[in-house]
Amino acid sequence: MSNTKSTSDSQETPQSSQKSHTTQKSQSSQETHRPKPMEVLREARAQLAELTGMTAESVSSFEQTEEGWALEVEVMELERVPDTMSLMASYQVELDAEGQLTGYRRVRRYERGRADSRGSR
């Protein structure tokens, strides 16, 4: 009986070694590139304002998802006098893991001075 092993089974080719190193490098750079929550909030507000032309006044919900981030952003759509009659809107905003906006939609409109009827049941 011989106790030798085929050298092709135990050796890596230069290409496979380089590919393995590149994969490890890209995985570690993705882990370190993930933005902090406050960076995501600021970037989401800025991107939504750029797309809609309306300034985001506040973020009413914020959570990390498997795909990235989900936020609900409050925006003034129409300024009125008195201010309590201004028309507001809530936008659901989705961002990828790097904090880039991937989609948004308006989920409700309301007057600034009105109480929220959704949560008062």
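Higher on the page you've got the structure.
Every chain begins its residue count from 1, and numbering advances along the sequence as written. Local features in a predicted model are, by the rule used here, given only for residues with pLDDT of at least 70; side-chain atom pairs are given and counted only at 80 or more, and totals for whole chains, interfaces and linings are based on all residues. Side-chain measures here rest on the full set of heavy atoms in the structure, leaving out hydrogens and waters.

## Focus on the nonpolar core
Nonpolar core, defined: a set of buried Ala, Val, Leu, Ile, Met, Phe, Trp, Tyr and Cys residues in which side-chain atoms within 4.5 Å join the residues together. Note on exposure labels: buried denotes an accessible area under 20% of the residue type's maximum, exposed denotes more than 50%, and partly exposed covers the range between, all computed with a 1.4 Å probe on protein chains only. Ranked by internal contacts, the top residues of the largest apolar core, which has 15 residues, are Leu-48, Leu-71, Val-73, Val-75, Tyr-91, Val-93 and Leu-95. Sorting the residues of this core by element identifies helix H3 (37–52), strand S2 (68–78) and strand S3 (87–96) as the ones contributing at least two each. In this text, helices come from DSSP runs of H or I with a minimum length of four residues, and strands from runs of E with a minimum of two, each type numbered from the N-terminal end.

## A short note on the environment of Leu-48
With respect to the element layout, Leu-48 can be found in helix H3. Here the alpha-carbon distance between Leu-48 and Leu-101, two residues 53 residues apart in the chain, equals 7.9 Å.

## Topic: the sheet that holds strand S1 (residues 56–64)
Spatially, four strands are ordered S1-S2-S3-S4 in an open sheet, and the strand pairing comes out antiparallel. Each end of this open sheet is capped by a strand with a single partner; those strands are S1 and strand S4 (101–111). Across this sheet, the average inter-strand angle for adjacent strands is 20°, counted without regard to direction. Both S1 and S2 contribute to a ladder of seven bridges, which runs antiparallel. The residue bridging Gln-64 from the neighbouring strand is Trp-69, located in S2. For this analysis, residues touch if any pair of their heavy atoms sits within 4.5 Å. Where helices are involved, their axes are fitted lines through C-alpha atoms of the stretch in contact, as for all axes, and angles between N-to-C directions lie from 0 to 180°. In the packing of H3 onto the sheet, contacts are made with S1, S2, S3 and S4, and the angle to S1 comes to roughly 130°. Pairing between two strands requires that DSSP report at least two bridges joining them.

## Some details on the pairing of S4
With nine bridges connecting them, S3 and S4 associate as antiparallel partners. Note that in S4 the partner of Leu-95 across the bridge is Leu-101. In this structure, the hairpin formed by S3 and S4 is closed by a connection of four residues, where Gly-99 is found at a positive phi of approximately 95°.

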